[in-house]
Amino acid sequence: MQANKMTSRSKEKVTSMFRRIFGSSNKDGEGPSKASGSASGSPARRLLRGCRDTVSPAAGPVGSPGFASRKNSKKTSETPPSSKNVRSRRLMKEFKDLQRLQNSRSDPVFTVELVEDNLYEWHVKLHTIDPESDLGGDMKEFGVTYILLHLIFPENFPFAPPFMRVISPRIEKGFVMEGGAICMELLTPRGWASAYTVEAVIMQFAASVVKGQGRVQRKTKGQKVFNRRTAEESFRSLVKTHEKYGWVTPSLADG
């Protein structure tokens, strides 16, 4: 019993000593017991909580509490980083290969360049068209040295086709539609395959525009409007038509 009493007294002394050292006071709620249960917590707890709050969404399942805010989760779900990496790697490889090819020849069939250093937007100059074709004759007559094409690669390329249109010269027929859009099955989701290269797309266009009896537009009145917006609208209409009725080669009168 005496030992127990001494132990109790010793505990009280120790407790009293700690209270004096740390200035325990319940009046202002600043005692150690109050602080340890507050929102700030101990330094170790604050450190752990800080690490948990900064974990990137990729470190755990999307939408898990404590891993990402709604804003970050939405951004992550729009386009997986892997898809962007696939597009970038594929386009970088193709662009370098095509540049090496065109630099190795004094008269390349076509040349490529980035639009304002944007890897996902290209200008292609098609220099060589069948000289025996009407289009080839028109280009020679008007001093047109190349057909300028504009290619835009979507975020899910190469699993979806690029959007391609003619910028100049203004071409009639040859499967070239309003705004310079191109009626070619290979450029539609239905006809596209991820194995197709940009080179294959360009060479297919070179063959199609000749086969469709394309001509450089001569009339100044009633000219087709050649701009990106008109081309996109025209191409969307084309895709809807082929999705509904299948792929049917349009008459030459329709271009």
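Thresholds applied
Residues numbered from 1 in each chain as written. Predicted model: local features only at pLDDT ≥ 70, side-chain atom pairs only at ≥ 80, totals over all residues. Heavy atoms only, no water. UniProt positions renumbered as here; feature names shortened; annotations may be inferred. Core = buried A, V, L, I, M, F, W, Y, C linked by side-chain atoms within 4.5 Å. Buried < 20%, exposed > 50% of the residue type's maximum accessible area, 1.4 Å probe, protein only. Helix = DSSP H or I, 4+ residues; strand = E, 2+ residues; numbered from the N terminus. Contact = heavy atoms within 4.5 Å. Pairing = 2+ DSSP bridges. Axes fitted to C-alpha atoms, helices over the stretch in contact; angles between N-to-C directions. pLDDT = per-residue confidence, 0-100. Phe/Tyr/Trp six-rings, centres within 6.5 Å; stacked < 30°, edge-to-face > 60°. Lys NZ or Arg CZ within 6 Å of the ring centre and 35° of its normal. Salt bridge = Lys/Arg side-chain N within 4 Å of Asp/Glu carboxyl O.

The name recorded for the protein in an unreviewed UniProt entry is E2 ubiquitin-conjugating enzyme, from Photinus pyralis. For the record of the protein, the UniProt heading Function (unreviewed entry) holds the text "Probable E2 ubiquitin-protein ligase that catalyzes the covalent attachment of ubiquitin to target proteins. May facilitate the monoubiquitination and degradation of MTOR and CCNE1 through interaction with FBXW7."

Asks: Would you mind going over the nonpolar core with me for this structure?
Replies: Burial of nonpolar side chains together is a common tendency in soluble globular proteins. Counting 44 residues, the largest nonpolar core has Ile147, Met164 and Phe205 as its most contacted members. Mapped by element, the contributors of at least two residues to this core are helix 5 (81–103), strand 1 (110–115), strand 2 (118–126), helix 6 (134–142), strand 3 (147–152), strand 4 (163–168), helix 7 (198–211) and helix 8 (228–245). No other element matches helix 7, which puts 6 residues into this core. When sequence neighbours within four positions are dropped, the list of residues in contact with Met164 reads Leu149, His150, Leu151, Ala181, Ile182, Met184, Leu187, Val201, Ile202 and Phe205.

Asks: I would appreciate a short explanation of the sheet that holds strand 3 in the present structure.
Replies: Spatial ordering of the open sheet is given by 1-2-3-4, a layout of 4 strands whose pairing is antiparallel. Edge strands, defined here as strands with exactly one partner in the open sheet, are strand 1 and strand 4. Across the sheet, the mean angle separating the axes of adjacent strands is 25 degrees when strand polarity is ignored.

Asks: Got a minute to help me understand the confidence of the model for the protein in this structure?
Replies: Parts of the prediction with low pLDDT should not have their coordinates interpreted in detail. When pLDDT is averaged along the protein, the result is 75; 62% of the residues meet or exceed 70. Note that pLDDT drops below 50 for residues 24–79; the model gives that stretch 28 contacts with residues more than four away or on any other chain.

Asks: Is there a simple way to think about the packing of aromatic side chains in this case?
Replies: Aromatic rings considered in pairs are described by the distance between their centres and by the relative angle of their planes. Tallied over the full model, the rule gives 6 aromatic pairs. Ring centres of Trp192 and Tyr196 lie 5.5 Å apart, and the angle between their planes is 75 degrees; this geometry places the pair in the edge-to-face category. Judged by its relative accessible area of 32%, Tyr196 is partly exposed. By the ring-pair criterion, three or more aromatic residues cluster together here, those being Phe95, Trp122, Phe153, Phe157, Trp192 and Tyr196. Sitting over the face of the ring of Tyr120, Arg87 holds its NZ or CZ atom 3.5 Å from the ring centroid.

Asks: What am I meant to see in unusual backbone geometry here?
Replies: Most peptide bonds adopt trans geometry, and most residues besides glycine take a negative phi value. Here the amide bond leading from Phe157 into Pro158 is cis, since omega sits at 10 degrees, within 30 degrees of zero. The omega torsion across Ser168 and Pro169 is -5 degrees, close enough to zero to call that bond cis. For Pro169, the location among the structural elements is in the loop between strand 4 and strand 5 (171–172). With phi around 55 degrees, Glu116 is a residue other than glycine that occupies positive phi space. Inspection of the secondary structure puts Glu116 in the loop between strand 1 and strand 2.

Asks: I would appreciate a short explanation of the pattern of salt bridges in the present structure.
Replies: One side chain can pair with another of opposite charge once the charged atoms of both are near each other. Applying the stated rule across the entire model yields 10 salt bridges. The partner of Asp107 in a salt bridge is Arg105, with the nearest N and O atoms 3.9 Å apart. Of the residues examined, Arg105 reaches a relative accessible area of 41% and is grouped as partly exposed. Note that Glu141 is salt-bridged to Arg218, the shortest N-O span being 3.0 Å. Note that Glu141 is positioned in helix 6 and Arg218 in the loop between strand 6 (215–216) and helix 8, a separation of 77 residues in sequence. One network of salt bridges, in which partners are shared, links Asp134, Asp138, Glu141, Arg215 and Arg218.

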